[in-house]
Each structure stands twice: as C-alpha cells, then as structure tokens.
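Residues per chain, in single letters:
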Amino acid sequence: MNEYLMLMRNDGNPMAGLSPEEMQAHLQRWTEWMGGLAAAGRLVGGRPLGSGAACVREELVTDGPYAEAKDVVGGYVIVACESLEHAIETARGCPVVELGSVVEVRETDSNVLETDG
C-alpha cells in the first residue's frame, strides 16, 4: 500500500457556526472516521494544526503559510491506501467535507531517501 497525505483546507473555522449539539455530532463523526481508519490499520498519522506559522522564501519570511485567508490548512492525516482512487474515496468520508472544507489528497514519495538528521 502507498501512503497519502490528506490536507484539510478551509476558510477559517468551519465549525464556528455550529450549535453545541451539532459540534458534538461532528466531533463524533471524526472519532468514527479516524477510528475506522485505525481499526483497518490504514491510519499512519495526523494532527490538527495550530495558528502559529510562517512562510520562508529565500530571504523573506512572512506570517502565515497562506496567501489568502480563504486558504487555511487546518490539519492533516496520512493514510495507507491501495491507489489514488482509494485515497480519494477515503477522503470523501472525512467529516470536514460536510462543512464545506476541501481535502487535498497527495501521494507521498516513498522513493526519497531518508536521512539521519
């Protein structure tokens, strides 16, 4: 199986307009989705991202990793899937999709040599 990075992109806080009950239901769907991936042995890792960030380009450093506020990466998940199509189908089940967020799916390159430091 190959590994795929799923970047959760949104335009800020997609849960901001939810009632406490809706938020709890949404978080339950996250628990079920991530738990299902873990139970199937397909969850490699993932985390939500904090607000502290910088973007480095040659000698220029800017606050934030994004050009516009409408393109915020809120978190990532790495999953093992048999193909890109399988990874796309897995991403369709991600709870952020139901809130209007986008899940960008990228295959990781297992041919890149890892170094010790």
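Look above for the structure.
Quick summary incoming for the structure in this document. Because the structure is a prediction, the values reported are computed rather than measured. (Residues numbered from 1 in each chain as written. Predicted model: local features only at pLDDT ≥ 70, side-chain atom pairs only at ≥ 80, totals over all residues. Heavy atoms only, no water.)

### Comments concerning the environment of Gly-100
Then comes step 1: For Gly-100, the position within the fold is in the loop between helix H2 (84-92) and strand S6 (102-107).
Then comes step 2: In this structure the C-alpha to C-alpha distance between Gly-100 and Arg-9, which are 91 residues apart in sequence, comes to 9.4 Å. (Helix = DSSP H or I, 4+ residues; strand = E, 2+ residues; numbered from the N terminus.)

### Describing the pattern of salt bridges
Then comes step 1: According to the stated counting rule, one finds 4 salt bridges in the structure shown.
Then comes step 2: Note that Arg-9 and Glu-104 form a salt bridge whose closest N and O atoms lie 2.7 Å from each other. Here Arg-9 is found in strand S1 (residues 2-10), whereas its partner Glu-104 is found in strand S6, with 95 residues between them in sequence.
Then comes step 3: Salt bridges here are not isolated pairs; linked through shared partners, they connect Arg-9, Glu-104 and Arg-106. (Salt bridge = Lys/Arg side-chain N within 4 Å of Asp/Glu carboxyl O.)

### Remarks on the side chain of Thr-90
Then comes step 1: Position of Thr-90 among the secondary structure elements: in helix H2.
Then comes step 2: Classification of Thr-90 as buried rests on a relative accessible area of 9%.
Then comes step 3: There is a polar contact of 2.9 Å between the side chain of Thr-90 and the backbone oxygen of His-86. (Buried < 20%, exposed > 50% of the residue type's maximum accessible area, 1.4 Å probe, protein only. Polar contact = N/O pair within 3.5 Å; in protein donor to acceptor, adjacent residues only side chain to side chain.)

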